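The residues making up each chain are set out below.
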Amino acid sequence: MPADAAGDYDVVILGGGSGGYACALRSAELGLSVALVEKGRLGGTCLHQGCIPTKALLHAAEVADVAREGASFGVRTTLESVDMPGVNAYKDGVVSRLYKGLQGLVKAAKIDYVEGAGVLDGPHTVVVGERRLTGRNVVLATGSYAKTLPGLEVGGRIMTSEQALSIDHVPGRVVVLGGGVIGVEFASVFKSFGSEVTIIEALPRLVAAEDEAISKQLERSFRKRKIAFKTGVRFAGATQEGDVVTVSLESGESIEADLLLVAVGRGPVTEGLGYEAAGITVDRGFVPTDSRLRTGVEGVYAVGDIVPGLQLAHRGFAQGIFVAEEIAGLAPACIEESGIPRVTYCDPEIASVGLTEAQARDKYGDVATYEYNLGGNGKSQILGTQGFVKLVRQVDGPVVGVHMIGARMGEQVGEAQLIVNWEAHPEDVSGLIHAHPTQNEALGEAHLALAGKPLHAHA
Ligand SMILES: Cc1cc2nc3c(=O)[nH]c(=O)nc-3n(C[C@H](O)[C@H](O)[C@H](O)COP(=O)(O)OP(=O)(O)OC[C@H]3O[C@@H](n4cnc5c(N)ncnc54)[C@H](O)[C@@H]3O)c2cc1C
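In this text the structure is predicted, and so the values were computed from the model without any measurement. Residue numbers here run from 1 along each chain, matching the order of that chain's written sequence. Only residues with pLDDT of 70 or above have their local features reported here, since the model is predicted, and side-chain atom pairs are shown and tallied only from 80 upward, although totals for entire chains, interfaces and linings are computed over all residues. In computing side-chain properties, one takes all heavy atoms of the structure into account and sets aside hydrogens as well as water.

Trainee: Give me unusual backbone geometry: which residues, what numbers.
Mentor: Each neighbour pair has its own omega, and for D347 with P348 the value is 5°, a cis peptide bond. Put simply, DSSP marks the helices as runs of H or I at least four residues long and the strands as runs of E at least two long, and each gets a number from the N terminus on. Examined against the element boundaries, P348 turns out to sit in the loop between β18 (342-344) and β19 (349-354). The step from H436 to P437 runs through a cis peptide bond, and the omega angle for that step is -10°. Turning to its location among the elements, P437 is positioned in the loop between α12 (426-430) and α13 (440-450). With a phi close to 60°, K226 is a non-glycine residue in the positive phi region. Counting through the fold element by element, K226 comes out in the loop between α7 (212-224) and β11 (228-231). Unlike most non-glycine residues, L293 shows phi in positive territory, near 60°. Mapped onto the elements of the fold, L293 is located in the loop between β16 (266-268) and β17 (300-302).

Trainee: Quick rundown of the site of the ligand? Include the residues and the values.
Mentor: E38, T45, K55, D305 and A313 are the nearest of the 38 residues found near the ligand. Within the backbone of S18, one N or O atom sits 3.1 Å away from an oxygen atom of the ligand. Here T45 contributes a side-chain N or O atom positioned 2.5 Å from an oxygen atom of the ligand. To measure how exposed things are, a 1.4 Å probe is used in the Shrake-Rupley method; for residues, cover is taken only from the protein chains shown. In isolation the ligand has 1000 Å² of accessible area, and contact with the protein removes 94% of it. When contributions to the shell around the ligand are tallied by element, the ones reaching two or more residues are α1 (18-29), β2 (34-38), α2 (44-48), α3 (51-69) and α8 (313-327). Classification convention: Asp, Glu, Lys, Arg as charged; Ala, Val, Leu, Ile, Met, Phe, Trp, Tyr, Cys, Pro as nonpolar; all other residues, Gly among them, as polar. Split by residue class, the shell around the ligand holds twelve nonpolar, 20 polar and six charged. Being near a molecule or strand, for a residue, comes down to having at least one heavy atom within 4 Å of it. We call two N or O atoms a polar contact when they sit within 3.5 Å, provided that within protein one can donate a hydrogen and the other can accept it, with sequence-adjacent residues counted only if both atoms are side-chain atoms.

Trainee: A description of the nonpolar core should follow, citing residues and the corresponding values.
Mentor: With 36 residues, the main nonpolar core has F193, I199, L218 and F222 as its most contacted residues. The set of elements that each furnish at least two residues to this core consists of α3, α4 (84-108), β9 (173-177), α6 (181-193), β10 (196-201), α7 and β15 (259-262). Looking at which element gives the most residues to this core, the answer is α6, with six residues. When residues no more than four places from it in sequence are discounted, the contact partners of F222 are V184, I199, L206, I227, F229, C346, D347 and P348. Nonpolar cores were defined as sets of buried Ala, Val, Leu, Ile, Met, Phe, Trp, Tyr and Cys residues, with membership established by side-chain atoms within 4.5 Å. For the exposure calls, accessible area comes from a 1.4 Å probe over protein chains only, and a residue counts as buried if that area is under 20% of its type's maximum, exposed if over 50%, partly exposed in between. By the convention used here, residues are in contact when the closest approach between their heavy atoms is within 4.5 Å.

So this is what it looks like as structure tokens:
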């Protein structure tokens, strides 16, 4: 169907996760008629199996650490135990309140919410059971699933994040396969809850997508927290017998655990959905798009985790909004992938935006960098955290990367992303005042130093 031909709807969206529902809400705001097809629960991975439940677990983990460490602040506390059913009730309460709110938003926006599994039948029709929904535009937003490795079957004591989110006890020993974002977040939670944790990572460092200095600091912090990790080692296999799962490595070493968490990345959900038959290119399961999120088939867009790139909820939101505005003819500005902020919520937290030092060197040749140590930041000292803010700038040019690590540093990513996306120079930021004593000051101090006028730092 040509884009200007009539359909039942202006937009039919397949998948009601971050990308899909953001597109639906913005489309409805712009006066477009919308059908949103979802086979599971509105909100998708982020709300039900991803961002929200994991961050609730991480908060419960922080409470456990605070209870355990009260004495170092002069407050006598002890951690009696972690009651997983109680933790799960708290987590599920958070999810269900947000879920209700989201359902209310979709209803109020008069979006036609269609429950059931949809498949494409040609580029402009989504079939859900008996219903055929035709749209002038179709948006593919079917998201992702937790991958495993060949020969490694999930079940029993071998879990992905999906099952690990609702376990009813604290396992004694956990092996986490994968030292990326999801792996280090779960490792952090389990350690705080009292498990003995070992991370196995094939790449040479944890959180390998981050600036190398961040990986080094995280590894230092994890060592201090007694979270064991083995990098540059390859997984060979795992067997379950009785209550024990035995993980073997290609090095010949084997590790026994009560739980193996498989966190080796997420694959796109695109198989069997009629995408290729409708003429849409699918590359290793992903749906490649141009910078305007067009699939190459007229009137068909893709958003979220099925589009190659960062698999983050706020990228999905931004892409969904972009596509709605594009369809409405608002000609929105393209989304710059490197300008998307990234936060890893383990303890210590990691927050970054823009290019790593290595990427910036590849792109610009010589660059200037500065690391401001949180040791000089009053609030970080009060919290008892260690870490730094690292800036990467083009020589005599704008800041192109901000990389931060330390407790609660995720909260600082808002200003960091403004700096990078507005192409601010350190000299611009150094004229802005950061409130004292906050961790936000560390960002200000790093810019002061890079602008040549350090305050609480050595020149
Ligand atoms: C453990 C974990 C922690 C995470 N933490 C964070 C975080 O802290 N911050 C962050 O930004 N991101 C985080 N993410 C990533 C984030 O959840 C995803 O990037 C985001 O959910 C992607 O949105 P999406 O709309 O592309 O896909 P999804 O949220 O996966 O939604 C896709 C939806 O499509 C539906 N669907 C699929 N096929 C069909 C079909 N045939 N018919 C109808 N419906 C269908 C699915 O049921 C699903 O609801 C995390 C992910 C995980 C797994």
